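# Report on the structure
The lines below spell out each chain.
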Amino acid sequence: MAWTGPAHAQGSPSSSANNADELRRAAQNPVANMISIPFQNNINLNAGPYNGTQNILNVQPVIPFRLSEDWNLVTRWVTPVMAQPRVSHTEGPEFGLGNIQPSFFLSPARPGKLIWGVGPVFWLPTATDKRLGNNDWGAGPSLVLLTMDGPWVVGVLANNVWAGKGEDRVNQAMIQPFVNYNMKDGWYLTTSPAITANWLADSGNKWTLPIGGGIGRLFKVGDLPINAQVQGFYNAVRPDDTSDVQIRLQLQVLLPEK
């Protein structure tokens, strides 16, 4: 695939030509034709055998590239910075980098009512400690589907990753449905639970199913659009010794075409 620079396809938002509602909708579209840098901080309470607090900051820049008049390649790099609580009396807390997971979505430059992207997700051996990740190479498929109808934005982001081999192998899925209801003055209601499955775990410990939601708003600091939100989740289904409550704080910097 030829790289021809950042994608600014027809209909891509620009700070001078589009209002806050259009920027907000672009911020809620994982394959929008706009550069953005989300900082998503997940605070997981009562994690581990000692009911500690786990903190995961996901830095996940989204950069689109134009491949042709009809197609864009949207790249999304998820880089987790993790603070892991004590898991035993011989293993103390750990702080460092987890496994970076870049995704590459091939997406139509001029989508219809159904917006979609498909491509690979990779698992990179970047964890700084074995308690923060599995240092093997891996990959799998990734898909995003969404539609926008009036104030509603409804979609799903999903992937499955295989990495490593033997006892250290990884086979896990992530399914993240998202529903946003947009209101006046940049405000919106949102829910985007990250449902996960560890296919290698025992039958009672495979799934994590969060239930909850929150509120967000798009605003500007000077000329810079910012999308901020807070959500809370209760893990109604979860593996043993994992968190039961999650608080998610997200700040997304938008860089529209000028």
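Report on the accompanying structure. (Residues numbered from 1 in each chain as written. Predicted model: local features only at pLDDT ≥ 70, side-chain atom pairs only at ≥ 80, totals over all residues. Heavy atoms only, no water.)

### Quick look at the overall build of the chain
Rule in force here: Only DSSP runs of H or I with at least four residues qualify as helices, and only runs of E with at least two residues qualify as strands; both kinds are numbered from the N terminus onward. Put simply, the radius of gyration uses C-alpha atoms, and a globule should come to 2.2 Å times the residue count raised to 0.38. The buried label applies to any residue whose accessible area, calculated with a 1.4 Å probe on protein chains only, is under 20% of its type's maximum; exposed applies above 50%, and partly exposed to all values in between. We call two residues in contact whenever any of their non-hydrogen atoms come within 4.5 Å of each other. Counted as positive: Lys and Arg. Counted as negative: Asp and Glu. His and the chain ends are not counted at all. Positions of charges follow a simple convention, taking NZ of Lys, CZ of Arg, CG of Asp or CD of Glu.
Tallying secondary structure elements over the chain gives one helix and 15 strands in all. Taking 258 residues into account, the globule formula puts the C-alpha radius of gyration at 18 Å, and the chain, at 19 Å, falls close to it. Principal-axis analysis of the C-alpha atoms gives the chain an extent of 60 × 40 × 30 Å. When burial is assessed residue by residue, the chain has 45% of its 258 residues classed as buried. Put simply, 56% of the contacts in the chain that link residues at least 6 apart link residues at least 24 apart. Measuring between centres, the 18 positive side-chain charges of the chain sit 5 Å from its 18 negative side-chain charges.

### Looking at the pairing of strand β4 (residues 71-84)
Both faces of the sheet carry side chains from a regular strand, because those side chains alternate between them. Operational definition: Should DSSP find at least two bridges between two strands, the strands are taken to pair.
Bridge analysis of strand β2 (residues 52-59) against β4 gives five bridges, and the strand direction is antiparallel. Its bridge partner lying in β4, N55 is registered against A83. Across five bridges, the pairing between strand β3 (residues 62-66) and β4 is antiparallel. Each residue of the ladder has a partner; that of F65, found in β4, is L73. Once β3 ends, the chain turns through four residues before running back antiparallel as β4. As defined by bridge partners, β4 adjoins strand β6 (residues 101-108) across eight bridges and the pair is classed as antiparallel.

### A short note on the pattern of salt bridges
Going by this rule: In what follows, salt bridge is the name for a side-chain nitrogen of Lys or Arg lying within 4 Å of a carboxyl oxygen of Asp or Glu.
In total, this model carries five salt bridges according to the counting rule given. Here D70 ties to R110 by a salt bridge, and the two come within 3.9 Å at their closest N and O atoms. Taken together, the positions of D70 in the loop between β3 and β4 and R110 in the loop between β6 and β7 (114-123) put the pair 40 residues apart, joining distant regions of the chain. Residues R131 and E94 are paired through a salt bridge, measuring 2.9 Å at the closest nitrogen-oxygen approach. Here the residue R131 occupies a position in the loop between β7 and β8 (138-149), and E94 occupies one in strand β5 (residues 94-97), the gap between them amounting to 37 residues. Here R131 falls in the partly exposed class, since its relative accessible area comes to 24%. What you see here is one network of salt bridges that share partners, running through E69, D70 and R110.

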